[in-house]
Amino acid sequence: MEERRETATNNMVEFRGVSKTFGSTEALTDLNLEIRPGEFLTLLGPSGCGKTTTLRLLAGFEEPTCGEIWLAGKPVQGLPAYKRPVNTVFQHYALFPHMTVFDNVAFGLRMQKVPQAEIKRRVTAALELVRLEGMGGRRPHELSGGQQQRVALARALVLEPKVLLLDEPLGALDLQLRRAMQVELRQLQRRLGATFLYVTHDQEEALAMSDRIAVMRNGRIEQLGTPEEVYLRPATRFVAQFLGEANLLEGEGAASGRLRWGDYHLLVDRHVGPGRTTVALRPEQVRVRWPGSATPVGPAENRVHGIVAERLFVGTGVRLVVEVAGRRLAALLPAGPGPDLGDQVELCFSAEHCVVVAP
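Right, let's walk through the structure included here. Just so we're clear, the structure is a prediction, and the values are computed from it rather than from any experiment. (Residues numbered from 1 in each chain as written. Predicted model: local features only at pLDDT ≥ 70, side-chain atom pairs only at ≥ 80, totals over all residues. Heavy atoms only, no water.)

Some remarks on the side chain of T236
Then, number 1: If you trace the backbone, T236 turns up in the loop between helix 8 (227–232) and helix 9 (237–242).
Then, number 2: A distance of 2.7 Å separates a polar atom in the side chain of T236 from a polar atom in the side chain of E222.
Then, number 3: From its side chain, T236 meets the backbone nitrogen of V239 in a polar contact 3.2 Å long.
Then, number 4: With sequence-adjacent residues up to four places away left out, T236 is seen in contact with E222, V357 and A358. (Helix = DSSP H or I, 4+ residues; strand = E, 2+ residues; numbered from the N terminus. Polar contact = N/O pair within 3.5 Å; in protein donor to acceptor, adjacent residues only side chain to side chain. Contact = heavy atoms within 4.5 Å.)

Following this line, the structure appears as structure tokens:
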């Protein structure tokens, strides 16, 4: 039976009912996750949600309390870390300060007793891959933070792992460099066609880089999907709030399939039955009309009226908070002319953008 399973799976990684307990603390609970060959999958969530534990279990630094982990069609529990075809890049690069860049990258190959000529070929190719050609003779302290991160990547990639594990690898970089490295890392992954498992708590990073995102909370996956799916169609209240900003409209489901929200009956993305219901609505999906605005807002199923209570310039636009019959609704406008504090406005939004979420 096991032999048939080995040949049947097309996934690079599988977690099958994996749980991990540390003393009385359950870090992971019945985790089921499949990662496809060549996929960039990100584990996203707050501190303590289980994402780093998941990474460490796959790397072999920890063993599951129960369940199975499969890698490249074979179970790996009990297999020591150095025998698993994976490599890890950490937030703190752990480069050897007394070694040159070349020797840092070559370290793992030398431990494996690879012939010197092969070491030279593979290290040179790895440094070219991360755009550090010609820097093999430098030492880590002579490099910028971004260059040191590339050395750490080259050191991991030179061993040709089936899966590259990245644990918050850009967390130590400043914002501008981090964004530049996001682009470089994604381009590198695409060129290699490699399987990347990435861990971060940075929502923008996850949305920008991933093929799919697993949003984690309390040792479980709340939602798994493409960046567009988890952002535009959040499955739960937690996912809606954790990824960006969301208006959470709470009301009673009406018999007609609408949401009774204060004095308004709103059309939502799917039929809702009687009972307490929560709807997520992104601020950028709310259109605003105010006295003196020349641009029509276009058709929309839902229209509500209120008074501007807050107006904040956020660089890329203006964030409004509008009081609507004792409730608050946020909207995001492009930078430029807009309503002032105290202005009466009309807010318009479509039913398809009103996503019913689980509690």
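Side note on the pattern of salt bridges
Then, number 1: Evaluation of the coordinates by the stated rule reveals 25 salt bridges.
Then, number 2: Here D103 and R110 are joined by a salt bridge, their closest N and O atoms 2.9 Å apart.
Then, number 3: Taking the relative accessible area as the measure of exposure, D103 reaches 25% and is therefore partly exposed.
Then, number 4: One salt bridge connects R276 with E252, and the closest N-O pair in it is separated by 3.8 Å. Of the two residues, R276 sits in strand 14 (residues 275–281) while E252 sits in strand 11 (residues 247–253), which places them 24 residues apart along the sequence.
Then, number 5: Take R276: its relative accessible area is 60%, and that puts it in the exposed class.
Then, number 6: Taking relative accessible area as the criterion, E252 reaches 33% and is therefore assigned partly exposed. (Salt bridge = Lys/Arg side-chain N within 4 Å of Asp/Glu carboxyl O. Buried < 20%, exposed > 50% of the residue type's maximum accessible area, 1.4 Å probe, protein only.)

Brief notes about the sheet that holds strand 16 (residues 302–313)
Then, number 1: Across the sheet, which stays open at both edges, the 5 strands sit in the order 15-19-16-17-18 with antiparallel pairing between neighbours. Of all strands in the sheet, those with a lone pairing partner are strand 15 (287–289) and strand 18 (327–334), marking the two edges. Across the sheet, the mean angle separating the axes of adjacent strands is 45° when strand polarity is ignored.
Then, number 2: Across 6 bridges, strand 16 lies against strand 17 (residues 317–324) in antiparallel orientation. Bridge pairing in strand 17 links E310 to V321. (Pairing = 2+ DSSP bridges. Axes fitted to C-alpha atoms, helices over the stretch in contact; angles between N-to-C directions.)

Some thoughts on the environment of Y264
Then, number 1: Structurally, Y264 can be placed in strand 13 (residues 264–267).
Then, number 2: Counting along the chain gives 39 residues from Y264 to R303, while the straight-line C-alpha distance between them is 8.8 Å.
Then, number 3: Those residues in contact with Y264 that sit more than four places away from it in its chain are L259, R303, V304, H305 and V324.

Comments concerning the packing of helix 3 (residues 101–111) against helix 5 (residues 145–157)
Then, number 1: At a minimum axis distance of 7 Å, the contact between helix 3 and helix 5 shows a crossing angle of 30°. The angle between the axes of helix 3 and helix 5 places the two elements in the roughly parallel class. Here helix 3 and helix 5 pass one another in a crossing that is right-handed. Every residue of helix 5 that contacts helix 3 at V101, N104 and V105 is listed here: V151, A154 and R155.
Then, number 2: A class-by-class count of the residues in the contact of helix 3 with helix 5 yields 4 nonpolar, 1 polar and 1 charged. (Parallel < 35°, antiparallel > 145°, perpendicular 65-115°, else oblique. Left-handed = near helix turned anticlockwise from the far one by under 90°. Nonpolar A, V, L, I, M, F, W, Y, C, P; charged D, E, K, R; others polar.)

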